[in-house]
Amino acid sequence: MASEAQIGANIQAADVFKLEVSDVQATVLRPRPRPYKGEYVILRIDEATQGREMLRRLIPHVAPADDWWVPSLPGWLGIAFTYQGLKALGLPQASLESFHKEFREGMAARAAVLNDVGDNDPSNWEYPFGTEDMHVALAIYSKDDKSLETVLERARQSHHQLPGISVVYRLKFSELPEGRNPFGFKDGLHNPHVEGSGVPVHAGYGTAIKPGEFIMGYPDELGETANSPEPAVLRRNGTFLAFRKFHTRVAAFRKYLSEQASSPEEEELLAAKMVGRWRSGAPLVLAPERDDPKLGADPNRNNVFSYDDDTRGLKCPFSSHIRRVNPRDALKNDLVATNLHYFLRRGTNYGPPLPAGVLEDDGAERGGVFLLIGAHLQRQFEFVQSQWVADGNFINHGTEQDPILGNNQADGVFTIPKHPLRRRLHGLPQFVTVRGGEYCFMPGLRALKWMAGLDAEHP
Ligand code: HEM
């Protein structure tokens, strides 16, 4: 394994401002394959030397963002570590202490900030979320079942005959028909444009955002370059992710819509008002009256809109999901600030779709797992979740929450601006429940080698 000094010299040689795409993990910059089959595997490390051996075996298969179909695998592997995982792997104390507080504390400890209360309270989360047993998260994506099995087998071999490593959680995921989420909406339509990433950009993705917002080692939108965690080799080309597993209450969503609407057309309109897009993906700002599936399916048009054309929210409500979580140019005096709250979204769906027309819950587990990726957990994921999802103050809506993500107890409110009188929906139940989550650090490839070589550095 390369020594810290060697790796340091390589970093010096690299142009510090040019994004080293070949050293960033594919999961950070690349959209997942389409269609996709995959699995999240969570591991616990009880023995540090075995943890590092596992890492050494896995590293050749971790996909870099420039060459993401590593020839050795018919799939794509990403690896991330929780704070407890870094500890279990034997990271030096000084390094552990250099991580930001929110990462060290973990997502469950941040429940009050994230409004993870009621059904979303960490005491209701699935094992191992919220415990100290979640150490390493593997995200495996493939095109089909056969390829997935091959990658999983490789992952299994990485801890073969290493009794100090155990699998504590597995979750299979796959694409739903037409790339929809369990509620029936097209997903994965918008992500910020990372300057220098070389990833194809569609019209309407907005201005390029400085790479330091998403990947450590480069200047961010404030012109600052992250100086933790230590040492530099560990942080360069690394990032953080908020892993969130949601259960979606699809029958409750359908039932609520049917109770509020007097026709199937009105049901569709109310659903679109809640999300800010029709189920096809067509944005309300461009298609305010009725769905436009061709627009929804066109990646070069379905993001080309501005809230400047809708300053009163008559087309797309201020409180709709997409207008809250990405206000684009709507926060007029705050354009730079909006750029400080972007993250990259990698979402996947699990569970069977609820058959069309069913309004009663069938008891099946279905939902989405989101990886919300950025260099600044606090001012990105935590800010958006606490200020823009769980509160309505920033749009002068008091305590009104995001209609899709809010953890209302049949007491939620959703405001739809309308002329001459606004419409206000009452009694919103909780449509989405948090089943668990954790903050993870996703290192660059050189950093992974440094971590795997810690025995040599710190015998
Ligand atoms: C089960 C949970 C969720 C559902 C059903 C959901 C649904 C959607 C849908 C349908 C879209 C529009 C299509 C797209 O661009 O992908 C969207 C966009 C988005 N969502 Fe979510 N979402 C969920 C969770 C979250 C969470 C937890 C966050 C962050 C706190 C988030 C942030 C975003 C962002 C930033 C966009 C892009 C908005 C834009 O610029 O158009 N979502 N979501």
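Report follows, based on the coordinates. (Residues numbered from 1 in each chain as written. Predicted model: local features only at pLDDT ≥ 70, side-chain atom pairs only at ≥ 80, totals over all residues. Heavy atoms only, no water.)

Each helix and strand in the protein chain was counted, giving 17 helices and 10 strands. Rg of the C-alpha trace for the protein chain: 22 Å, near the compact-globule value of 23 Å for 459 residues, within the 12% margin. For the protein chain, the spread of C-alpha atoms along the three principal axes comes to 75 × 45 × 40 Å. Taking all 459 residues of the protein chain together, the buried fraction comes to 58%. Excluding contacts between residues fewer than 6 apart, the proportion of contacts in the protein chain whose partners are at least 24 apart in sequence is 72%. Across the protein chain, the 52 positively charged side chains and the 58 negatively charged ones have centroids separated by 4 Å. (Helix = DSSP H or I, 4+ residues; strand = E, 2+ residues; numbered from the N terminus. Rg over C-alpha atoms; globule rule 2.2 N^0.38 Å. Buried < 20%, exposed > 50% of the residue type's maximum accessible area, 1.4 Å probe, protein only. Contact = heavy atoms within 4.5 Å. Lys, Arg positive; Asp, Glu negative; His and termini not counted. Charge placed at Lys NZ, Arg CZ, Asp CG, Glu CD.)

Taken together, 22 residues lie around the ligand, and G188, H190, H321, N326 and R345 are the ones closest in. Between the ligand and the protein, one listed contact pairs a nitrogen atom with a side-chain N or O atom of H321 at 2.9 Å. Elements that contribute at least two residues to the shell around the ligand include exactly β5 (239-248) and α13 (321-325). Of all the elements, α13 adds the most residues to the shell around the ligand, at three residues. Looking at the shell around the ligand residue by residue, the classes come out as 11 nonpolar, six polar and five charged. (Near = heavy atom within 4 Å. Polar contact = N/O pair within 3.5 Å; in protein donor to acceptor, adjacent residues only side chain to side chain. Nonpolar A, V, L, I, M, F, W, Y, C, P; charged D, E, K, R; others polar.)

Our next topic: the packing of aromatic side chains. Applying the stated criterion across every chain yields a total of 22 aromatic pairs. Consider the rings of Y36 and F173, whose centres lie 5.9 Å apart with planes at 50°: the pair is tilted. Separated by 137 residues along the polypeptide, Y36 in the loop between α2 (26-29) and β1 (37-45) and F173 in strand β4 (residues 165-174) bring together distant segments of the chain. Overall, Y36 belongs to the buried group, its relative accessible area being 2%. What makes F173 buried here is its relative accessible area of 4%. Put simply, the rings of Y36, Y40, W76, F129, Y141, Y169, F173 and F243 pair up and form one aromatic cluster. A cation over an aromatic ring shows up here: K245 above the ring of Y350, its NZ or CZ 4.8 Å from the ring centre. In this structure, R328 packs its charged tip against the face of F305, placed 3.9 Å from the ring centre. (Phe/Tyr/Trp six-rings, centres within 6.5 Å; stacked < 30°, edge-to-face > 60°. Lys NZ or Arg CZ within 6 Å of the ring centre and 35° of its normal.)

This part covers the coordination of the iron atom of the ligand. Counting protein donors around the iron atom of the ligand gives one, H321 (NE2), at 2.1 Å. When you line up the elements, H321 lands in helix α13. (Donors = N, O, S within 2.8 Å, 3.2 Å for Na, K, Ca; no water.)

A few words now on unusual backbone geometry. Note the cis peptide between S228 and P229, where omega equals 0°. Looking at the secondary structure, you find P229 in the loop between β4 and α9 (232-235). The step from H419 to P420 runs through a cis peptide bond, and the omega angle for that step is 0°. If you trace the backbone, P420 turns up in the loop between β8 (412-416) and β9 (423-428). A positive phi angle, near 60°, is found at Q161, a position not held by glycine. Along the chain, the position of Q161 falls in the loop between α8 (145-157) and β4.

Next up on the list: the packing of helix α3 (residues 48-58) against helix α16 (residues 445-452). Two elements in contact, α3 and α16, have axes whose closest approach is 8 Å; the angle formed by their N-to-C orientations is 145°. As α3 packs across α16, the resulting crossing turns out to be left-handed. For the pair α3 and α16, contact is made by R52, L55 and R56 and by L448, M451 and A452, respectively. Per-class residue counts for the contact of α3 with α16 are four nonpolar, no polar and two charged. (Axes fitted to C-alpha atoms, helices over the stretch in contact; angles between N-to-C directions. Left-handed = near helix turned anticlockwise from the far one by under 90°.)

In total, this model carries 30 salt bridges according to the counting rule given. With a shortest N-O distance of 2.9 Å, E268 and R279 are connected by a salt bridge. Of the two residues, E268 sits in helix α11 (residues 264-275) while R279 sits in the loop between α11 and α12 (293-297), which places them 11 residues apart along the sequence. Overall, the relative accessible area of 29% leaves E268 in the partly exposed class. With a shortest N-O distance of 2.9 Å, D362 and R366 are connected by a salt bridge. Note on D362: relative accessible area 42%, which makes it partly exposed. (Salt bridge = Lys/Arg side-chain N within 4 Å of Asp/Glu carboxyl O.)

All right, on to empty space enclosed by the protein then. Under the defined criterion, the tally for this structure stands at four cavities of 30 Å³ or more. The computed volume of the largest cavity comes to approximately 80 Å³. Taken together, 13 residues form the lining of the largest cavity, with N120, R244, Q385, V389 and L405 sitting closest to its centre. For the lining of the largest cavity, the elements supplying multiple residues, two or more each, are β5, α15 (378-389) and β10 (432-442). Across the lining of the largest cavity, the residue classes tally to six nonpolar, six polar and one charged. Its volume calculated, the second largest cavity comes out at about 60 Å³. Forming the boundary of the second largest cavity are Y40, G78, A80, A137, L138, A139, L241, F243, L371, C440 and M442. At the level of elements, β2 (75-81), β3 (136-142), β5 and β10 are the ones that each hand at least two residues to the lining of the second largest cavity. At three residues, the largest contribution of residues to the lining of the second largest cavity is made by β3. (1 Å grid on protein atoms, 1.4 Å probe; cavity = no way out; pocket = protein on both sides within 12 Å on 5 of 7 lines; lining within 4 Å. Points joined across faces, edges and corners; volume = space filled by probe spheres on them.)

Turning to the environment of R180, a few remarks are in order. Residue placement: R180 occurs in the loop between β4 and α9. For the pair R180 and S166, spaced 14 residues apart in sequence, the C-alpha separation works out to 34 Å. When sequence neighbours within four positions are dropped, the list of residues in contact with R180 reads F185, K186, R279, S280 and N349. A distance of 3.1 Å separates the side chain of R180 from the side chain of E178, its partner in a polar contact.

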